[in-house]
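Spelled out, the chains give:
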Amino acid sequence: MPDRPLSSAEMKRMAAVEALMHIHDGCQLGLGSGSTAEIFVEELAKKVAQGLSVRCCSTSERTAALARSHGIEVLPLESFNLLDVTVDGADEIDPRLNLIKGGGACHLREKVVASYSERLVIIADESKLVKQLGAFRIPLEVIPFSLPAVLRSVAAIRGNLACEQRLADGEAVMTDEGNLVLDADFGLISDPALLAAQLGAVPGIVEHGLFVGMAEVAYVGCQSGLRILKPQP
Ligand code: 5RP
């Protein structure tokens, strides 16, 4: 161990390197999005350069471009019957491995790709671990036409504290699918499955960032070393 605190990037890399153990020759792999997933792509690229053969589906145009720049094959989802594994980051991870995702506005494709995979492996640094989800606002991908209706419907869900459209430099954030992103604050969430069902029932929300019961394992880089987390009952 170094005699200084590890940086966030070093903890993310610790997790990303560990996730490589799920990757075998011929693997059909879902690539996540965000800074941790990008570190995983860098580590995967080293293995590909050494001769590992993988076929990947990406959860974002950005990750696809990064992977291709490293010589990693990236194909559309329709090229696969099923993916062996998806490796992705998260914004929050609770002890049951329920997640909040979508900080990078990619949670729609991330959920589609994860659900098309035999297993979802999460990689993160320790800042993402929480006892209860909800300090990070829940990202909602919304079709532009539905914006006022969704704002009204989300405000009517019990426990909603706020819901705002995500902007960057004053401009609406758009997803790779051409949709808008809202961020909904429900405070600490006592029943993620219930809230997921409520958000999933709002017409105009294409997908929300609650991932309930989807992750099989999380590798978390910590100051004290790597933690391997399985869902707690
Ligand atoms: C993108 C995501 C990311 O996985 C999440 O935001 C974590 O990102 P990072 O690894 O940069 O902390 O859900 O939509």
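(A) Looking closely at the site of the ligand. Around the ligand lies a shell of 17 residues, among which Ser35, Thr36, Asp91, Gly102 and Lys128 are the nearest. Note that an oxygen atom of the ligand is positioned 3.1 Å from one of the side-chain N or O atoms of glutamate 110. Within the contact set of the ligand, an oxygen atom lies 2.5 Å away from a side-chain nitrogen or oxygen of lysine 128. Across the complex, the protein chains shield 90% of the 380 Å² of accessible surface that the ligand would expose by itself. In the shell around the ligand, the residues fall into three nonpolar, nine polar and five charged.

(B) View of the domain arrangement of the chain. When the domains of the chain are assigned, the result is domain 1 (8-130 + 213-225) and domain 2 (138-204). Inter-centroid distance (C-alpha atoms) of domain 1 to domain 2 is 24 Å. Contacts between domain 1 and domain 2 engage 13 residues on the former and 13 residues on the latter. Both faces combined, the contact of domain 1 with domain 2 buries some 870 Å², and carbon together with sulfur accounts for 57% of it. Together, Ala105, His107 and Arg109 form the three largest contributors to the area buried by domain 1 at its contact with domain 2, with a combined 47%. For the pair domain 1 and domain 2, the interface holds two salt bridges.

(C) Geometry of the sheet that holds strand E1 (residues 27-31). What the seven strands build is an open sheet, ordered E3-E2-E1-E4-E7-E15-E16; its pairing is mixed. The sheet terminates laterally at strand E3 (73-74) and strand E16 (225-229), the two strands that pair on one side only. Relative to strand E7 (residues 117-125), strand E4 (residues 83-88) runs parallel, the two being bridged by five bridges. Pairing of valine 87 across the sheet is with valine 121, part of E7.

(D) Fine view of the nonpolar core. Among the nonpolar cores identified, the biggest contains 26 residues, and Ile23, Leu29, Phe40, Leu44, Ile72 and Val87 are the most heavily contacted of them. Elements with a contribution of two residues or more to this core: helix H1 (8-19), E1, helix H2 (35-49), strand E2 (54-58), helix H3 (61-69), E4, E7 and strand E15 (215-222). When residues of this core are assigned to their parent elements, the largest contribution, six residues, is made by H2. Among the nonpolar cores identified, the runner-up in size contains 21 residues, and Leu147, Ala196, Leu199 and Leu210 belong to it.

(E) The arrangement of the pattern of salt bridges in detail. Taken as a whole and assessed by the stated rule, the structure comprises 14 salt bridges. Note that glutamate 43 is salt-bridged to lysine 46, the shortest N-O span being 3.1 Å. Within this pair, glutamate 43 and its partner lysine 46 are both found in helix H2, separated by three residues, close to a single helical turn. The buried category is assigned to glutamate 43, whose relative accessible area is 8%. In this structure lysine 46 comes out as partly exposed when scored by relative accessible area, which is 46%. Members of the salt-bridge network, linked through shared partners, are Arg13, Glu42, Glu43 and Lys46.

(F) Representation of a nonpolar patch on the surface in the model. Taken together, Ile143, Phe145 and Val206 make up a surface patch of nonpolar side chains, about 320 Å² in accessible area. Along the chain, phenylalanine 145 turns up in the loop between strand E8 (138-142) and helix H5 (147-155). The exposed category is assigned to phenylalanine 145, whose relative accessible area is 78%.

The rules behind these values
- What you see as residue numbers is a count from 1 along each chain, following the sequence as written.
- Predicted model: local features are reported for residues with pLDDT of at least 70 only, side-chain atom pairs are reported and counted for 80 or more only, and whole-chain, interface and lining totals are derived from all residues.
- The basis for the side-chain values is all heavy atoms of the structure; hydrogens and waters are excluded.
- Any residue with a heavy atom lying within 4 Å of a molecule or strand is counted as near it.
- We define a polar contact as two N or O atoms separated by no more than 3.5 Å, with the added condition that, inside protein, one atom must be a possible hydrogen donor and the other a possible acceptor, whereas residues neighbouring each other in sequence contribute only through side-chain atom pairs.
- Working definition of accessibility: Shrake-Rupley area with a 1.4 Å probe, residue cover restricted to the visible protein chains.
- In the scheme used here, Gly and all other residues not listed as nonpolar or charged are polar, with Ala, Val, Leu, Ile, Met, Phe, Trp, Tyr, Cys and Pro taken as nonpolar and Asp, Glu, Lys and Arg as charged.
- Domain start and stop positions are those given by an automatic or database domain assignment.
- Only heavy atoms enter the contact rule, under which two residues are in contact if any of them lie within 4.5 Å.
- A 1.4 Å probe defines the accessible area here, and the buried area is the portion of it lost by two parts on being joined, summed over both.
- Whenever Lys or Arg places a side-chain nitrogen within 4 Å of a carboxyl oxygen from Asp or Glu, that contact is recorded as a salt bridge.
- Only when DSSP finds a minimum of two bridges between them are two strands counted as paired.
- Where helices and strands are cited, they refer to DSSP runs of H or I of at least four residues and of E of at least two residues respectively, numbered from the N terminus.
- Take the buried residues of types Ala, Val, Leu, Ile, Met, Phe, Trp, Tyr and Cys, join any two whose side-chain atoms come within 4.5 Å, and each joined set is a nonpolar core.
- Each residue is assigned to one of three classes by its accessible area relative to the maximum for its type, calculated with a 1.4 Å probe on protein chains only: buried under 20%, partly exposed between the two thresholds, exposed over 50%.
- Excluding any residue in a salt bridge, patches collect residues exceeding 30% relative accessible area, merging like charges within 9 Å and nonpolar Val, Leu, Ile, Met, Phe, Trp and Tyr side chains within 5 Å.

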